[in-house]
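# Overview (structure and organization)
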Amino acid sequence: MGVTCVSQMPVAEGKSVQQTVELLTRKLEMLGAEKQGTFCVDCETYHTAASTLGSQGQAGKLMYVMHNSEYPLSCFALFENGPCLVADTNFDVLMVKLKGFFQSAKASKIETRGTRYQYCDFLVKVGTVTMGPSARGISVEVEYGPCVVASDCWSLLLEFLQSFLGSHTPGAPAVFGSRHDAVYSPADTMVQYMELFNKIRKQQQILWMGRDLERTSSLSCNFSQYPT
Amino acid sequence: MADVLSVGVNLEAFAQAISAIQALRSSVSRVFDCLKDGMRNKETLEGREKAFIAHFQDNLHSVNRDLNELERLSNLVGKPSENHPLHNSGLLSLDPVQDKTPLYSQLLQAYKWSNKLQYHAGLASGLLNQQSLKRSANQMGVSAKRRPKAQPTTLVLPPQYVDDVISRIDRMFPEMTIHLSRPNGTSAMLLVTLGKVLKVIVVMRSLFIDRTIVKGYNENVYTEDGKLDIWSKSNYQVFQKVTDHATTALLHYQLPQMPDVVVRSFMTWLRSYIKLFQAPCQRCGKFLQDGLPPTWRDFRTLEAFHDTCRQ
């Protein structure tokens with residue numbers, strides 16, 4: 001497992017998600033990358049059940065259960081700022097048994113699907129983030145296989161990202177700063193994905209709130225048109 | 001494909017000879033026509049015979065004339081050149097069915113290719129002999145009488161001495177650890193771990209470095225049996241490149257009389273790879289070139305260059 005950087009690519013002006021993804025993949029192919037199959041990363045949210053909360057008096061914590069097609073036999077469970085558990089796929093069955101303690105949040109499944117590209121020692125995954133039936137954003141993951149220490153190869157990764165993302169190159173992920181010389185692990189990648197999904201969820205919520213505000217303000221305008 | 005006729009053939013005389021053959025053929029056929037027609041109808045028998053004989057003689061004379069003309073022209077045509085490179089197999093060019101059996105053209109191409117190959121091989125061997133790659137202490141070309149009977153002492157060293165040298169080098173650099181093992185007889189196999197960047201397997205022959213393989217820090221260096229895997233290459237292109245450079249380095253650092261100095265300089269050179277992913281190229285200033293970081297380390301200054309940027 002090499003050092004990985006997960007970032008979000010904003011949708012191009014006046015274009016759909018699909019078209020932006022196509023633009024990106026074409027740029028990659030021009031660079032010389034080869035297509036190598038598909039990938040999928042998904043995430044389900046659980047929150048601690050109300051029954052357990054009362055006795056302890058804490059706020060409910062959110063737990064994310066994620067899968068990554070790069071590690072098909074593993075299942076990742078993580079809290080927001082907490083530890084990340086790497087288990088095998090039977091963990092999903094365990095979650096069903098733990099229904100009393102952890103309840104699945106409604107309409108919480110978010111996933112990203114797309115194609116994998118290989119360029120020299122870089123593995124690039126461009127995926128469409130979907131919540132339910134609709135596409136909400138674009139995720140870009142770049143993995144540099146040979147290096148296992150994050151702080152070593154950030155400049156190298158940055159140069160590569162700039163070559164095909166141009167001005168949309170992200171800053172250093174937070175996980176890079178927190179683990180200076182530790183060996184990079186897949187759990188760090190899942191933490192990055194979780195942060196990306198949360199960001200997209202917040203963006204979506206802001207969009208919905210904005211739409212609601214518009215609707216209510218237009219109603220009040222109509223009301224004032226009729227003279228008393 | 002038309003073969004080029006050599007200069008000895010007179011093309012004009014050739015064409016004339018062909019038309020002379022046609023003239024000869026027609027005069028011969030006239031002779032036989034005359035015989036077939038027999039005697040013409042004339043008043044007297046004598047007249048008929050005379051006319052017939054005269055006609056016959058005319059035809060025979062014309063045949064004679066044409067034949068002489070043909071002989072004269074055939075002498076002018078000349079012979080095709082003797083210096084045919086394929087001798088008898090050159091007659092294959094007369095095969096009219098070129099599409100199904102292009103033997104002659106393929107044969108010519110094969111000959112040209114092998115001649116070129118011989119020429120290039122000669123050039124290459126001349127250049128390679130200038131850079132001697134022998135690492136033994138013997139001089140080249142010394143006659144058998146003057147060559148020392150015993151093997152040079154640096155090739156038969158006690159294993160304890162080798163162990164001592166390696167452990168001393170191990171203590172020299174803090175970020176480099178060397179683990180020595182002898183799974184196959186007396187030749188030492190070193191597993192050098194450089195920080196968290198890479199692992200190098202070095203196969204030695206007494207105190208001479210024979211082969212190196214460079215792999216990533218997270219790659220498996222052991223076979224299924226648990227022995228050191230000295231044959232499989234790295235999965236990453238960058239480490240395959242570094243392996244090639246390491247092989248160049250072990251051929252560069254040569255000092256047959258003092259092999260421990262050689263091992264020390266090789267390890268110093270290898271240690272410069274601790275910043276493989278952090279150092280930009282000294283020439284172009286960039287990190288990546290064709291997806292590879294600067295993998296070349298100069299032998300004297302230990303500066304980082306891309307493989308294509310080095311002088």
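Coordinates for the structure precede this section.
So, how was this worked out
- Residues numbered from 1 in each chain as written.
- Chains lettered and ligands numbered in written order.
- Predicted model: local features only at pLDDT ≥ 70, side-chain atom pairs only at ≥ 80, totals over all residues.
- Heavy atoms only, no water.
- Helix = DSSP H or I, 4+ residues; strand = E, 2+ residues; numbered from the N terminus.
- Buried < 20%, exposed > 50% of the residue type's maximum accessible area, 1.4 Å probe, protein only.
- Contact = heavy atoms within 4.5 Å.
- Areas by Shrake-Rupley, 256 points an atom, 1.4 Å probe, with all protein chains shown as cover.
- Phe/Tyr/Trp six-rings, centres within 6.5 Å; stacked < 30°, edge-to-face > 60°.
- Lys NZ or Arg CZ within 6 Å of the ring centre and 35° of its normal.
- Expected span 1.5 Å × (residues − 1).
- Pairing = 2+ DSSP bridges.
- Axes fitted to C-alpha atoms, helices over the stretch in contact; angles between N-to-C directions.
- Nonpolar A, V, L, I, M, F, W, Y, C, P; charged D, E, K, R; others polar.
- Core = buried A, V, L, I, M, F, W, Y, C linked by side-chain atoms within 4.5 Å.

Another point: the overall build of chain A. The helix and strand inventory of chain A stands at six helices and nine strands. Taken across its 228 residues, chain A has 45% of its residues classed as buried. Residue pairs at least 24 apart in sequence account for 61% of intrachain contacts in chain A once pairs closer than 6 positions are excluded. Summing over all exposed atoms, chain A offers an accessible surface of approximately 12,000 Å²; the carbon and sulfur share of this is 58%.

Moving on to the packing of aromatic side chains. Per the counting criterion, the structure on display carries 17 aromatic pairs over all chains. Between W269 of chain B and Y273 of chain B, the ring centres sit 5.2 Å apart and the planes meet at 75°, which makes this aromatic pair edge-to-face. This pair shows no difference in class: W269 of chain B is buried, exactly as Y273 of chain B is. Aromatic ring contacts, followed pair by pair, group Y119, F122, Y144, F160 and F164 of chain A together with Y236, F239 and F277 of chain B into a single cluster. Between K199 of chain B and the ring centre of Y217 of chain B, over which it is positioned, the NZ or CZ distance is 5.6 Å. Over the ring of W296 of chain B we find R310 of chain B, and its NZ or CZ is 4.0 Å from the ring centre.

As a further point, take helix 4 (residues 154–165) of chain A. Residue and element names in this part refer to chain A. Under the 1.5 Å per step criterion, the end-to-end length of helix 4 is 16 Å for twelve residues, consistent within 8% with the ideal 16 Å. All of the buried residues along helix 4 are W154, L156, L157, E159, F160, L161, F164 and L165. Of the surrounding secondary structure, the elements contacted by the buried residues of helix 4 are strand 1 (3–9), helix 1 (17–31), strand 7 (110–119), strand 8 (122–131), strand 9 (134–144) and helix 5 (174–178). One or two residues past the end of helix 4 sits G166, with phi positive at roughly 65°.

For the rest of this paragraph, the subject is the pairing of strand 4 (residues 74–79) of chain A. Residues and elements named next belong to chain A. The buried fraction of strand 4 amounts to five of the six residues, a majority that puts the element mostly inside the structure. Where strand 3 (residues 62–68) folds back onto strand 4 in an antiparallel hairpin, the turn is made up of five residues. As judged from the five bridges shared by strand 4 and strand 5 (residues 84–88), these two strands associate in the antiparallel manner. Residue A77 lies in a different strand from strand 5, and its bridge partner there is L85.

Right, let's get into the sheet that holds strand 2 (residues 189–194) of chain B. Residues and elements named next belong to chain B. Pairing in this open sheet of four strands is antiparallel, and the strands run 1-2-3-4 from one edge to the other. Each end of this open sheet is capped by a strand with a single partner; those strands are strand 1 (176–181) and strand 4 (208–216). Strand after strand, the sheet turns through a mean of 20° between neighbouring axes, direction not considered. As paired elements, strand 1 and strand 2 share six bridges and run antiparallel to each other. Paired with I178 across the strands is V192, a residue of strand 2. Sheet strands touched by helix 4 (residues 159–172): strand 1, strand 2 and strand 3 (198–205). Its angle to strand 1, the strand with the most contacts, is close to 160°.

Time to look at the environment of Q240 of chain B. Residue and element names in this part refer to chain B. Following the sequence through the fold, Q240 ends up in helix 5 (residues 237–252). Sequence separation of Q240 and K215 is 25 residues, and the distance between their C-alpha atoms is 7.7 Å. Ignoring sequence-local partners within four residues, the contact set of Q240 consists of K233, S234 and N235.

Residues and elements named next belong to chain A. Where helix 1 contacts helix 4, the two axes come as close as 9 Å, and the packing angle between them is 115°. Of helix 4, the residues touching helix 1 (which contributes L24, K27, L28 and L31) are F160, S163, F164 and L165. Taken together, the residues that form the contact of helix 1 with helix 4 break down as six nonpolar, one polar and one charged.

Here we take up the nonpolar core. Nonpolar side chains in soluble globular proteins generally cluster together in the buried interior. L157 and F164 of chain A together with F266 and M267 of chain B are the most contacted members of the largest nonpolar core, which totals 76 residues. Here this core gets seven residues from one element, more than from any other, and that element is helix 4 of chain A. With sequence-adjacent residues up to four places away left out, F266 of chain B is seen in contact with I209, T212, A246, A249, L250 and Y253 of chain B. Core analysis: the next-biggest nonpolar cluster, separate from the first, contains 17 residues, I110, V129, M190 and L196 of chain A among them.

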